[in-house]
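# A look at the structure
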Amino acid sequence: VQLVESGGGLVQPGGSLRLSCAASGFTFSGYAMSWYRQAPGKERELVAFISRFGGSTNYADSVKGRFTISRDNAKKTVYLQMNSLKPEDTAMYYCNVYYFAMNYWGKGTQVTVSS
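What you are looking at is a predicted structure, and each value in this text was computed from that prediction instead of being measured.

All right, on to the pattern of salt bridges then. Using the criterion set out here, one finds four salt bridges in the structure. Among the ionic pairs, lysine 64 bridges to aspartate 61, the shortest N-O distance being 3.1 Å. What makes aspartate 61 exposed here is its relative accessible area of 65%. Within the structure, one salt-bridge network assembled from shared partners comprises Arg37, Glu45, Arg66 and Asp89.

Ordered by their spatial adjacency, four strands build an open sheet running E1-E3-E8-E7, and the pairing between neighbours is antiparallel. Among the strands making up the open sheet, the edge pair consists of strand E1 (2-6) and strand E7 (67-72). Adjacent strand axes in the sheet meet at a mean angle of 15° when their direction is disregarded. Relative to strand E8 (residues 77-82), E7 is paired through six bridges, and the arrangement is antiparallel. Bridging across to E8, phenylalanine 67 finds its partner in methionine 82.

For the coordinates displayed, the defined rule picks out one disulfide. Linked covalently through their sulfurs, cysteine 21 and cysteine 95 form a disulfide whose S-S length is 2.2 Å. Sign of the S-S torsion, about -85° for the bond between cysteine 21 and cysteine 95, identifies this disulfide as left-handed. Taken together, the residues cysteine 21 in strand E3 (residues 17-24) and cysteine 95 in strand E9 (residues 91-99) connect sequence positions 74 residues apart.

Criteria and thresholds
- Residues numbered from 1 in each chain as written.
- Predicted model: local features only at pLDDT ≥ 70, side-chain atom pairs only at ≥ 80, totals over all residues.
- Heavy atoms only, no water.
- Salt bridge = Lys/Arg side-chain N within 4 Å of Asp/Glu carboxyl O.
- Buried < 20%, exposed > 50% of the residue type's maximum accessible area, 1.4 Å probe, protein only.
- Pairing = 2+ DSSP bridges.
- Helix = DSSP H or I, 4+ residues; strand = E, 2+ residues; numbered from the N terminus.
- Axes fitted to C-alpha atoms, helices over the stretch in contact; angles between N-to-C directions.
- Disulfide = S-S within 2.5 Å.

Everything listed here is a matter of geometry and, on its own, says nothing about what the molecule does.
Structure representation (structure tokens):
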């Protein structure tokens, strides 16, 4: 299993970013996918979840209405569209899959929201 995140960067408050996570090594369409984030000194937290075919999504209360998770099973990629970014969204963002009773993570992509 390999997960590779991209799309992070430095953005001003109110700006937008789109994160991508390219997956390989497993049958992508067979598994739900998630995005997590971890800020310095804080625990890793679930940001968004999407079911196998995208019919069900869930979000942390802190990002509802601002972030949108989606997936393209043909491209084996999951996305996180982040709008109206706030300084408190600053964190390392990780892609996750729970596969055969194990959590797999990418190396993460840094998102920094600052003026």
